[in-house]
Amino acid sequence: MWFLQPWDVSQGPLEIFAIWHGGMSFHGGLIGVVMVGILFSWKNKKSFWKLADLLTVTAPIGLALGRIGNFINGELYGRVTQVRGAWSSPWRSLPRHPSQLYESALEGFILFAILWRLKDKKIPEGESSPSF
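Residues numbered from 1 in each chain as written. Predicted model: local features only at pLDDT ≥ 70, side-chain atom pairs only at ≥ 80, totals over all residues. Heavy atoms only, no water.

Detailed reading of the predicted coordinates is not advisable wherever pLDDT is low. For the chain, per-residue confidence averages 79 on the pLDDT scale, and residues scoring 70 or more make up 77% of the total. Across the chain, the secondary-structure element scoring lowest on mean pLDDT is helix α4 (residues 128-131), at 64, and the one scoring highest is helix α3 (residues 99-118), at 89. Note that residues 1-5 has pLDDT below 50 and, in this model, 4 contacts with residues that lie over four places away or in other chains. (pLDDT = per-residue confidence, 0-100. Helix = DSSP H or I, 4+ residues; strand = E, 2+ residues; numbered from the N terminus. Contact = heavy atoms within 4.5 Å.)

So this is what it looks like as structure tokens:
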């Protein structure tokens with residue numbers, strides 16, 4: 001199946017950008033968001049870093065929803081286990097940890113709660129977005 005093949009960079013360095021071969025959509029999305037943020041900031045004469053700090057607070061919600069999508073699609077499956085709460089899917093015969101749901105909770109909703117509480121603290125402009 002073509003979408004399960006790893007990137008073959010021996011075909012040329014531009015193969016990294018061959019999104020029709022699958023790959024990591026997050027990185028393209030991040031590059032797009034940064035580019036639009038820079039353009040928006042420049043056009044409206046606003047600080048890019050202030051905008052980035054604002055968007056950083058809500059980014060974990062997108063991460064959480066992405067991990068839920070990984071769970072639905074049967075991607076990023078966890079280790080084989082026999083513990084209660086393990087799940088099996090049509091793609092995997094042995095029960096596994098639902099690691100996508102763990103990640104959704106931790107890097108999504110809990111991180112959002114932490115960042116939401118910190119958003120009103122006096123932090124120098126541009127400090128919180130690069131640390132995320």
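Take T56: it is sitting in helix α2 (residues 48-73). Under the relative-accessibility criterion, T56 is labelled buried at 7%. Separated by 63 residues in the primary sequence, T56 and K119 have C-alpha atoms spaced 9.5 Å apart. Within the structure, T56 has its side chain in polar contact with the backbone oxygen of A52 (distance 2.7 Å). (Buried < 20%, exposed > 50% of the residue type's maximum accessible area, 1.4 Å probe, protein only. Polar contact = N/O pair within 3.5 Å; in protein donor to acceptor, adjacent residues only side chain to side chain.)

Along the chain, the position of A113 falls in helix α3. It is 9.1 Å that separates the C-alpha atoms of A113 and P60, two residues lying 53 residues apart in sequence.

Below, the discussion takes up the packing of aromatic side chains. Applying the stated criterion across every chain yields a total of 2 aromatic pairs. With a centroid separation of 5.2 Å and 70° between ring planes, the pair formed by F48 and W49 is classed as edge-to-face. Residue F48 is classed as partly exposed on the basis of its relative accessible area of 23%. Looking at W49, the relative accessible area reads 43%, which means it is partly exposed. Here the aromatic rings of F112 and W116 are separated by 5.7 Å at their centres, their planes lie at 35°, and the arrangement is tilted. (Phe/Tyr/Trp six-rings, centres within 6.5 Å; stacked < 30°, edge-to-face > 60°.)

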